[in-house]
Amino acid sequence: MRTGNSARIVLLTPVCPAAHGNGLAMRAGLFLEGLARSHRVNVVVIPVFGAAPPVDGLVSELAVSCTTLGLSEPSRGSDLPTVLLSTPEGRRRARDLHPLPALCPSLSGEARIELQRLTDAASLVHVSRSYLAPCLDYLFDAPLRPPVTVDLDDLDSGVQRQLGCRQEGERFERLERYYTSRADHVYTASVQDADIVRRDYGVSWVTAIANAVREPALPLTTSAEAPYDLLFVGNLSYPPNVDAARWLCEEIRPHLGPVTIAVVGSRPGVEILGLADLPGVTVAGDV
């Protein structure tokens, strides 16, 4: 891992940054690569989606350290930890934001202490996804603190409403409004989401940074006669995945010659199920 005397940045992420694989991990990897060009980066993983995988080669190459924090046991009822109510701002925040979205993690006592240690004297703290922002309430409340930037990636409020989860959408909107107004800069994955943040949340310090993938090291060369067997895996109720599956099957497939495509994933809707009528396309749904 990198060492040196450059300024130190803490990258707070729900997954281990990676060069390939999971889209959320790849986006965290994109920011890690950018930040590590001129800074030392401490990667801090809050494992929202379960145990963190082994450290990716990208992290080993670019980060100073990678720390995975522990979560507390799920709370019972609606009781709030006393630490959340210990300041006037904490009490206002609890009144305005709770209950939080289900994805917001609760750190163990030891993890909170470790996170504060890691952010102490940092030059900047970058947070991947809005649901991790409450972990930094102690920092937002501090009279003197490093700049804090938040990558919303998707606008989770809109995603939850598209999925029919109205209550979670409302909770995420409250969360997004609160933390975007307090962050020093906000990022989104699309220009459209950046426009929504500016228009609806009144936040001007927002920049769209699109997702990206590396180009292959060598050109992909194939024979026009070669058969293809393609696999598309994803949450098939997630609108961007629906668009991608349709694009692959309807727009790209006709250019590939003899091809089979298996579309696999959870909760396929009518648009996805209809793709099975195309030559060579199988929609498997959950497997």
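Notes on the structure follow. Just so it is clear, the model here is predicted, and its values are computed rather than measured.

## Details of the nonpolar core
Next, step 1: In terms of nonpolar packing, the biggest core is built from 41 residues, with Leu12, Ile46, Leu115, Val125, Val127 and Leu136 touching the most fellow members.
Next, step 2: Elements with a contribution of two residues or more to this core: strand E1 (8-13), helix H1 (23-36), helix H4 (109-119), strand E4 (124-128), helix H5 (137-140), strand E5 (148-153), helix H7 (166-182) and helix H8 (191-201).
Next, step 3: It is H7 that provides the largest number of residues to this core, a total of four residues.
Next, step 4: With residues up to four places along the chain from it excluded, the contact list for Leu136 reads Leu12, Leu115, Thr119, Val125, Val127 and Val148.
Next, step 5: Of all hydrophobic cores here, the second largest spans 14 residues; its members include Ile9, Leu32, Ala36 and Leu62.

## A closer look at unusual backbone geometry
Next, step 1: Here the amide bond leading from His98 into Pro99 is cis, since omega sits at 5 degrees, within 30 degrees of zero.
Next, step 2: Residues other than glycine seldom take positive phi values, yet Ala121 does so here, at roughly 70 degrees.
Next, step 3: You can see Ala121 is positioned in the loop between H4 and E4.
Next, step 4: Its identity as a non-glycine residue notwithstanding, Arg129 has a phi of 85 degrees, on the positive side.

## Some remarks on the packing of aromatic side chains
Next, step 1: Taken as a whole, this structure holds four aromatic pairs when the rule is applied.
Next, step 2: Ring plane angle 55 degrees and centroid distance 5.4 Å describe the contact between Phe140 and Tyr179, whose orientation is recorded as tilted. You can see Phe140 sitting in helix H5 and its partner Tyr179 sitting in helix H7, a full 39 residues away along the chain.
Next, step 3: Overall, the relative accessible area of 12% leaves Phe140 in the buried class.
Next, step 4: Judged by relative accessible area, which is 3%, Tyr179 ranks as buried.
Next, step 5: Grouped by ring-pair contacts, the aromatic residues Phe140, Tyr178 and Tyr179 constitute a single cluster.

## Notes on the pairing of strand E2 (residues 40-45)
Next, step 1: Counting buried positions along E2 gives five out of six residues, so the element sits mostly inside the fold.
Next, step 2: Where E1 meets E2, six bridges bridge the pair, whose relative direction is parallel. Looking across to E2, one finds that Leu12 is bridged to Val44.
Next, step 3: After leaving E1, the chain enters H1 and then returns to the sheet as E2, a path that is right-handed.
Next, step 4: Judged from the four bridges that link them, E2 and strand E3 (residues 65-68) form a sheet pairing that is parallel. Bridging from a neighbouring strand, Val45 pairs with Thr68 of E3.

## What to know about H4
Next, step 1: Within H4 the residues assigned to the buried category are Ala111, Leu115, Leu118 and Thr119. Seen from one end, H4 has its buried residues packed into an arc of 90 degrees, which puts them on one side. Opposite the packed face of H4, turned more than 90 degrees from it, sit the exposed residues Glu110, Ile113 and Arg117.
Next, step 2: Elements in contact with the buried residues of H4: E1, E2, E3, E4 and H5.
Next, step 3: Looking one or two places after H4, you find Ala121, whose phi comes out positive at around 70 degrees.

## Considerations on the packing of helix H3 (residues 88-97) against H7
Next, step 1: Following both chains from N to C, one finds H3 and H7 inclined at 145 degrees, their axes separated by 10 Å at the closest point. Residues Glu89, Arg93, Asp96 and Leu97 of H3 pack against Arg174, Leu175, Tyr178, Tyr179 and Arg182 of H7.
Next, step 2: Split by residue class, the contact of H3 with H7 holds four nonpolar, no polar and five charged.

## Quick notes on the sheet that holds E2
Next, step 1: Ordered by their spatial adjacency, seven strands build an open sheet running E3-E2-E1-E4-E5-E6-E7, and the pairing between neighbours is parallel. Two strands in the sheet have a free side with no partner beyond their single neighbour: E3 and strand E7 (206-208). The mean angle between the axes of side-by-side strands here comes to 20 degrees, regardless of whether they run parallel or antiparallel.
Next, step 2: The sheet strands contacting H8 are E5, strand E6 (185-188) and E7, and the helix crosses E7 at an angle near 165 degrees.

## Focus: the side chain of Thr149
Next, step 1: Mapping Thr149 onto the fold places it in strand E5.
Next, step 2: A polar contact is formed between the side chain of Thr149 and the side chain of His126, at a distance of 2.7 Å.
Next, step 3: Excluding anything up to four places from it in sequence, Thr149 contacts Leu124, Val125, His126, Val127, His185 and Tyr187.

What counts, and where the lines are drawn
- Residues numbered from 1 in each chain as written.
- Predicted model: local features only at pLDDT ≥ 70, side-chain atom pairs only at ≥ 80, totals over all residues.
- Heavy atoms only, no water.
- Core = buried A, V, L, I, M, F, W, Y, C linked by side-chain atoms within 4.5 Å.
- Buried < 20%, exposed > 50% of the residue type's maximum accessible area, 1.4 Å probe, protein only.
- Helix = DSSP H or I, 4+ residues; strand = E, 2+ residues; numbered from the N terminus.
- Contact = heavy atoms within 4.5 Å.
- Phe/Tyr/Trp six-rings, centres within 6.5 Å; stacked < 30°, edge-to-face > 60°.
- Pairing = 2+ DSSP bridges.
- Right-handed = clockwise from strand over helix to strand, strands pointing away.
- Arc of directions from axis to C-beta.
- Axes fitted to C-alpha atoms, helices over the stretch in contact; angles between N-to-C directions.
- Nonpolar A, V, L, I, M, F, W, Y, C, P; charged D, E, K, R; others polar.
- Polar contact = N/O pair within 3.5 Å; in protein donor to acceptor, adjacent residues only side chain to side chain.

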